[in-house]
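# Commentary on secondary and tertiary structure
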Amino acid sequence: MFAEQAGIDLTYERIEAQADGFADCVHHLRARGFRGVNVTLPFKEDALRVASNATPRALRAGAANTLTIDGQRIEADNTDGAGLLRDLAENLGKTIAGCHILLLGAGGAARGVLQPLLDANPAGVVIANRTQERAMALAALGDARVHAMPIGQAGERAFDLIINATSASLQGSALPVPAACFHGKSLAYDMMYGAQPTGFMRQAAARGVRVADGLGMLVEQAAEAFFGWHGVRPATAPVILALRRALTA
Ligand code: ATR
């Protein structure tokens, strides 16, 4: 859809790599003349490893979702954080500056968005994770605005933005987010998306909180990758709308 907008004629294919065959897959794509790859789970760390160089934001995230192939050179980038920030700012009208943020999860998805969130000048970020040690490790990266907290204790204050970066909803599990974490103007954001709202989204909605899923982030991270490849920033709103319609059809 982005290419159609820009009048660019390209081939875009969905390819499933073998669990231990990601590098082979990328080399095969290079041999076929492909110039770029959008990479999703569980291959984002492999994508960083296969690259000959990486952007600072991919190195910081320890993972890549975008590869650019130029002859023998493969560059890794990570547009997830930029995609989230753009979705929050442009599509949802959420200002991050001065925000108190609760980030749920301490895996790859949380790590990928932490620094981009900090770059947008929040008042603070509390990381809460099922396994407290992982939250502490992520919070120990050296920014005084970041703290780790057991999820049960996170309710000692309310947050302006609560981001679910766990994969709990994939297993259909609810997250024990204390009701006191939400206030009337909170935004509850789930990085997952699907036909149905996640357990986290239903829980937040039941508390009267504004809720968003990660479909906008999906489209925005792709737009950022497309911009890197083609130098054209696509209009994302019509694409988000079309995907939403397709998801709920
Ligand atoms: P990703 O790259 O998608 O972040 P990951 O590195 O496996 O994947 O991390 C998954 C995250 O979801 C982790 O924060 C994980 O918590 P743990 O560190 O305690 O494993 C969290 N998670 C997964 N399933 C969960 C569940 N059922 N309840 C709460 N948190 C869950």
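Residues numbered from 1 in each chain as written. Predicted model: local features only at pLDDT ≥ 70, side-chain atom pairs only at ≥ 80, totals over all residues. Heavy atoms only, no water.

All right, on to the site of the ligand then. The immediate surroundings of the ligand are formed by 16 residues, with Ala-109, Asn-129, Arg-130, Thr-131 and Arg-134 found nearest. Backbone polar atom of Ala-106 to an oxygen atom of the ligand: 3.0 Å apart, as the coordinates give it. With respect to the ligand, the side chain of Arg-130 contributes an N or O atom lying 2.8 Å from an oxygen atom. The protein chains hide 79% of the 630 Å² of surface that the ligand would expose on its own. Residues belonging to the shell around the ligand are distributed by class as follows: five nonpolar, nine polar and two charged. (Near = heavy atom within 4 Å. Polar contact = N/O pair within 3.5 Å; in protein donor to acceptor, adjacent residues only side chain to side chain. Areas by Shrake-Rupley, 256 points an atom, 1.4 Å probe, with all protein chains shown as cover. Nonpolar A, V, L, I, M, F, W, Y, C, P; charged D, E, K, R; others polar.)

In this section: unusual backbone geometry. The omega torsion across Leu-41 and Pro-42 is 5°, close enough to zero to call that bond cis. We note that Asn-121 has phi near 65°; this positive angle belongs to a residue other than glycine. By the secondary structure assignment, Asn-121 is in the loop between helix 6 (108-119) and strand 6 (124-128). (Helix = DSSP H or I, 4+ residues; strand = E, 2+ residues; numbered from the N terminus.)

Here the focus is the packing of aromatic side chains. Under the definition given, this model contains two aromatic pairs. Judged by centre distance (5.5 Å) and plane angle (65°), the ring pair of Phe-2 and Phe-226 falls under edge-to-face. Placement of Phe-2 in helix 1 (residues 2-6) and of Phe-226 in helix 9 (residues 215-230) is noted, with a sequence separation of 224 residues between them. Where Phe-22 meets Phe-43, the ring centres are 5.2 Å apart and the plane angle is 15°; that geometry is what we call stacked. Of this pair, Phe-22 sits in helix 2 (residues 22-31) while Phe-43 sits in the loop between strand 1 (36-38) and helix 3 (44-50), and the two are 21 residues apart along the sequence. According to the relative accessible area criterion, Phe-22 is buried, its value standing at 6%. Judged by its relative accessible area of 11%, Phe-43 is buried. Against the face of Phe-159 rests Arg-157, its NZ or CZ located 5.9 Å from the ring centre. Its guanidinium or amino end placed over the ring of Phe-227, Arg-233 lies 4.2 Å from that ring's centre, counting from NZ or CZ. (Phe/Tyr/Trp six-rings, centres within 6.5 Å; stacked < 30°, edge-to-face > 60°. Buried < 20%, exposed > 50% of the residue type's maximum accessible area, 1.4 Å probe, protein only. Lys NZ or Arg CZ within 6 Å of the ring centre and 35° of its normal.)

This part is about the domain arrangement of the protein chain. Annotation of the protein chain at the domain level lists domain 1 (2-78) and domain 2 (81-215). Taken residue by residue, the interface counts six residues in domain 1 and six residues in domain 2. Buried surface at the junction of domain 1 and domain 2, summed over both partners, amounts to about 440 Å²; 42% is from carbon and sulfur atoms. Three residues stand out in domain 1 for area buried against domain 2, namely Arg-60, Ala-61 and Asn-78, and they jointly supply 70% of the buried area on that side. Run the count over domain 1 and domain 2 and you get one salt bridge. The partner of Glu-45 in a salt bridge is Arg-111, and the shortest N-O contact between them spans 3.4 Å. (Domains from an automatic or database assignment. Contact = heavy atoms within 4.5 Å. Buried area = accessible area lost by both parts, 1.4 Å probe. Salt bridge = Lys/Arg side-chain N within 4 Å of Asp/Glu carboxyl O.)

Among the nonpolar cores identified, the biggest contains 28 residues, and Leu-88, Leu-103, Ile-127, Leu-161, Ile-163 and Tyr-189 are the most heavily contacted of them. Top contributing element to this core by residue count: helix 6, with five residues. Dropping the residues within four chain positions of it, Ile-127 is found in contact with Leu-103, Gly-105, Ala-106, Leu-114, Ala-135, Leu-138, Ala-139, Val-146, His-147, Ala-148 and Met-149. Val-26, Leu-48, Leu-67 and Ala-76 belong to the second largest nonpolar core, which has 19 residues in total. (Core = buried A, V, L, I, M, F, W, Y, C linked by side-chain atoms within 4.5 Å.)

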